[in-house]
Amino acid sequence: MSLLKGRRILVVEDEALVAMLVEDALLDAGATVLGPAATVAEALALLEREAPPDAAVLDLNLAGETSTPVADALAARGLPFVIATGYGASGLPPGHADVPVLAKPYDPDELTGVLGRLCR
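Residue positions are counted from 1 within each chain, in the order its sequence is given. Under the rules for a predicted model, residues below a pLDDT of 70 receive no local features and side-chain atom pairs below 80 are neither given nor counted, while totals for whole chains, interfaces and linings still include all residues. To obtain the side-chain values, all non-hydrogen atoms of the structure were included, while hydrogens and water were left out.

**Looking at the side chain of Asp59**
The test is simple: The way it works is that DSSP assigns letters per residue, a run of H or I at least four long becomes a helix, a run of E at least two long becomes a strand, and they are numbered from the N terminus. As used in this structure description, the phrase polar contact means that two N or O atoms lie within 3.5 Å; if the pair is within protein, one of them must be able to donate a hydrogen and the other to accept it, and residues adjacent in sequence are counted only when both atoms belong to side chains. Throughout, a residue-residue contact means that at least one pair of heavy atoms, one from each residue, lies within 4.5 Å.
Tracing the backbone through its elements, the reader meets Asp59 in strand S3 (residues 55-59). Among the polar contacts made by the side chain of Asp59, one reaches the main-chain amide nitrogen of Asn61 at a distance of 3.4 Å. Excluding its chain neighbours within four sequence positions, the residues that come into contact with Asp59 are Val12, Glu13, Asp14, Ser67, Ala84 and Lys104.

Laid out in structure tokens, this is it:
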């Protein structure tokens, strides 16, 4: 399956097991994975240092730290992203109500499908 072949996907996720599962799903779909970044600082550093990703997967809560600054940085660059959260759409950062949300736990196929649509 090469739904994301050649696409660069930034992964922002603080739970190691979830990050590994996301990374595996993206690699299986043909993507190149940036990260995973476990903190806002790591994610912002990757955005500054690397070529822009085609899309991003953003965990809303990073060990008690909100990833809103990363969402703002992605939006400011015009980069699409999906928010993966256990809090549902009600916890979306201000100004990002139109962003696709994946409720945790989600199916890896659901993740790659959403990212495939965002990268079109």
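**With respect to the sheet that holds strand S2 (residues 32-37)**
Filter applied, for reference: The rule for pairing is simple: two strands pair if DSSP sees at least two bridges between them. Throughout, an axis means a line fitted to C-alpha atoms (over the contacting stretch in the case of helices), and angles, computed between N-to-C directions, take values from 0 to 180 degrees.
The strand order across the open sheet formed by five strands is S2-S1-S3-S6-S7, and the pairing between neighbours is parallel. Every other strand in the sheet has two partners, leaving S2 and strand S7 (101-103) as the edge strands with one partner each. Here the strands of the sheet are splayed against their neighbours by 20° on average, with no regard to which way each runs. Of the pairings in the sheet, the one linking S3 to strand S6 (residues 81-85) comprises four bridges and is parallel in character. Considered in S6, the bridge of Asp59 is made with Ala84.

**Details of the pairing of S2**
The line we're drawing: Think of it like this: strands point away, you trace from the first strand over the helix to the second, and a clockwise trace means the crossover is right-handed.
Bridging between strand S1 (residues 8-12) and S2 involves four bridges; their strand directions are parallel. By the bridge assignment, Leu10 is partnered in S2 with Leu34. After leaving S1, the chain enters helix H1 (residues 16-28) and then returns to the sheet as S2, a path that is right-handed.

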